[in-house]
Amino acid sequence: MDEKSTQPAQPAMTNPRAVRRARPLAIITLLLVVAFTLFRYQTAHESRIHGFNELLHSSSSPPSSNSKLVPLEAHIISKCPDTRDALRELILPVMQKVHDKVDFKLSYIGKPTDDDDGVECKHGPSECLGNIIELCARELYPDPKISLGFVMCLTKDYKHIPERALIEDCALEHAIDIKDLNECATRDSGAHGMDLLRSSVQRTADANVTISCTIRLNDEVYCIRDGGEWIDCPHGPGVNDLVLAIEKVYRS
């Protein structure tokens, strides 16, 4: 529960406005440099198979010819145990079953700071950086088999986001080019990554979502994982419950 406390960040991250466009951009750029400059560019992919990765890639169903995909969205923050649990217990196994019937998105929770066009993240600058890294992975690799697998890999060890070793290991595991990931996050002195984050946070704000992890189906709240429990899940928090709900919308 303390990971999701709304109290101010610890002294190591006392800046309440985590990311801004002027001086604060230098802060996030410095974080990016620390996180990535020691990365070794590797083209070989030596995958270590984890249970969730095996599950994600096990589906062999052909893509659906129906262009009407069902909107499925998870609103998250990167350094959050409820995000980890929701992805592992519900989103990942559901995607394995109906990935060809949904338009899946991960959106991030934060606070837009209109006075300086920045973003404030619940757990400070390190969480903003983690969010940006995950958004860059989605931009570069829109296939959920890659980008969602990468996010799940990071989230499994969420307390260490965005440490270099964790990012490097997960990138290699999911065949993500570290050089491209670094370029996306640092482009225009960090402005590009900032734009990705602010756009995602604004999308969440427009949906009136404030809790990680909130799952929305067809643009309506379906279920929420908060404080280690499933709440506000009138149709049930089970994998089959969500699959059936998706199938019903898909056929309508």
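Computed from a predicted model, the values in this text were never measured in an experiment.

About the cut-offs
- Residues numbered from 1 in each chain as written.
- Predicted model: local features only at pLDDT ≥ 70, side-chain atom pairs only at ≥ 80, totals over all residues.
- Heavy atoms only, no water.
- Helix = DSSP H or I, 4+ residues; strand = E, 2+ residues; numbered from the N terminus.
- Contact = heavy atoms within 4.5 Å.
- Areas by Shrake-Rupley, 256 points an atom, 1.4 Å probe, with all protein chains shown as cover.
- Axes fitted to C-alpha atoms, helices over the stretch in contact; angles between N-to-C directions.
- Left-handed = near helix turned anticlockwise from the far one by under 90°.
- Nonpolar A, V, L, I, M, F, W, Y, C, P; charged D, E, K, R; others polar.
- Expected span 1.5 Å × (residues − 1).
- Bend = angle between axes of the 7 residues up to and from the residue.
- Buried < 20%, exposed > 50% of the residue type's maximum accessible area, 1.4 Å probe, protein only.
- Parallel < 35°, antiparallel > 145°, perpendicular 65-115°, else oblique.
- Polar contact = N/O pair within 3.5 Å; in protein donor to acceptor, adjacent residues only side chain to side chain.
- Core = buried A, V, L, I, M, F, W, Y, C linked by side-chain atoms within 4.5 Å.
- Disulfide = S-S within 2.5 Å.
- Pairing = 2+ DSSP bridges.
- Salt bridge = Lys/Arg side-chain N within 4 Å of Asp/Glu carboxyl O.

Participant: Even after reading the chapter, I still don't get the overall build of the protein chain, so can you show me in this structure?
Facilitator: When its secondary structure is counted, the protein chain shows nine helices and seven strands. Considering only intrachain contacts with a sequence separation of at least 6, the fraction spanning at least 24 residues in the protein chain is 78%. Here the protein chain displays about 11,900 Å² of accessible surface, and carbon together with sulfur accounts for 51% of that area.

Participant: What am I meant to see in the packing of helix α5 (residues 144–156) against helix α6 (residues 164–173) here?
Facilitator: Running from N to C, α5 and α6 point in directions that differ by 145 degrees, and their axes come no closer than 9 Å. Crossing of α5 over α6 shows right-handed handedness. Residues Phe150, Cys153 and Leu154 of α5 form the contact with α6, whose participating residues are Leu166, Ile167, Cys170, Ala171 and Glu173. Here the residues of the contact of α5 with α6 sort into seven nonpolar, no polar and one charged.

Participant: Explanation requested: helix α3 (residues 81–98) in the structure shown.
Facilitator: The end-to-end C-alpha distance of α3 is 25 Å, a good match for the 26 Å that 18 residues give at a rise of 1.5 Å each. At Leu87, α3 is bent by approximately 45 degrees, the largest bend along its length. Most of α3 is tucked away: 14 of the 18 residues are buried.

Participant: Would you take a moment to explain the packing of helix α4 (residues 125–140) against α5 for this structure?
Facilitator: Helix-helix packing: each pair is described by the crossing angle between the helix axes and the interaxial distance. For the pair α4 and α5, interaxial distance at closest approach is 9 Å and the crossing angle is 160 degrees. Classed by the angle they form, the pair α4 and α5 counts as roughly antiparallel. As α4 runs across α5, the sense of the crossing is right-handed. Packed against α4, whose contacting residues are Ile133, Glu134, Ala137 and Arg138, the element α5 presents Ser147, Phe150, Val151, Leu154 and Thr155 at the interface.

Participant: Quick question: what am I supposed to make of α4 here?
Facilitator: It helps to recall that an α-helix has 3.6 residues per turn; residues three or four apart then point in one direction. In this model α4 runs 22 Å from its N-terminal to its C-terminal C-alpha over 16 residues, within 8% of the 22 Å that 1.5 Å per residue would give. Burial analysis of α4 places 13 of its 16 residues in the buried class, which makes it a mostly covered element.

Participant: Please explain the side chain of Ser147 as it appears in this structure.
Facilitator: In this structure, Ser147 sits in helix α5. Within the structure, the side chain of Ser147 is placed 3.1 Å from the backbone oxygen of Tyr141, a separation counted as a polar contact. Sequence-distant contacts of Ser147, defined by excluding residues within four places in its chain, comprise Ala137, Arg138, Tyr141 and Pro142.

Participant: I keep staring at the nonpolar core and nothing clicks. Help me out?
Facilitator: Across soluble globular proteins, nonpolar side chains show a tendency to be buried alongside one another. Residues Leu72, Val94, Phe104, Leu106, Phe150, Leu197 and Ile246 are the most contacted members of the largest nonpolar core, which totals 59 residues. With eight residues, the single largest contributor to this core is α3. Look past the residues within four positions of Leu72 in its chain and what remains in contact with it is Val94, Met95, Val102, Asp103, Phe104, Lys105, Ile215, Arg216, Leu217, Leu242 and Ile246.

Participant: Sorry if this is basic, but what is going on with the state of the cysteines here?
Facilitator: Taken as a whole, this structure holds four disulfides when the rule is applied. Paired by a disulfide, Cys121 and Cys128 hold their sulfur atoms 2.0 Å apart. A torsion of 110 degrees about the S-S bond marks the disulfide between Cys121 and Cys128 as right-handed. Residue Cys121 is classed as buried on the basis of its relative accessible area of 6%. The disulfide that involves Cys223 links it to Cys233, with 1.7 Å between the sulfurs. Because the sign of the S-S torsion sets the handedness, a value of about 70 degrees for the bond joining Cys223 and Cys233 places this disulfide among the right-handed ones. Of this pair, Cys223 sits in strand β6 (residues 220–226) while Cys233 sits in the loop between β7 (229–231) and α9 (239–251); the two residues are 10 residues apart in sequence, bridging distant segments of the chain. You can call Cys223 buried: its relative accessible area is 0%. Unpaired in this structure, Cys80 has its nearest cysteine sulfur neighbour in Cys213, at a distance of 7.7 Å. A relative accessible area of 0% places Cys80 in the buried class.

Participant: I keep staring at the sheet that holds β7 and nothing clicks. Help me out?
Facilitator: Whether parallel or antiparallel, the strands of a sheet pair through hydrogen bonds between backbone atoms. Pairing in this open sheet of five strands is mixed, and the strands run β2-β1-β5-β6-β7 from one edge to the other. The open sheet has two edge strands with one neighbour each: β2 (102–108) and β7. Adjacent strand axes in the sheet meet at a mean angle of 20 degrees, parallel and antiparallel pairs treated alike. Strands β1 (70–76) and β2 of the sheet are contacted by α4, whose axis makes an angle of about 155 degrees with β2.

Participant: Even after reading the chapter, I still don't get the pattern of salt bridges, so can you show me in this structure?
Facilitator: Any two side chains of opposite charge can pair, given that their charged atoms come close. Enumeration over the complete set of coordinates arrives at 12 salt bridges. Residue Arg203 is joined to Glu73 by a salt bridge in which the shortest nitrogen-to-oxygen separation is 2.7 Å. Pair noted here: Arg203 is in helix α8 (residues 191–206) and Glu73 is in strand β1, with a separation of 130 residues, a long-range link. A residue is classified by how much of its surface remains accessible, and Arg203, at 35% relative accessible area, is partly exposed.

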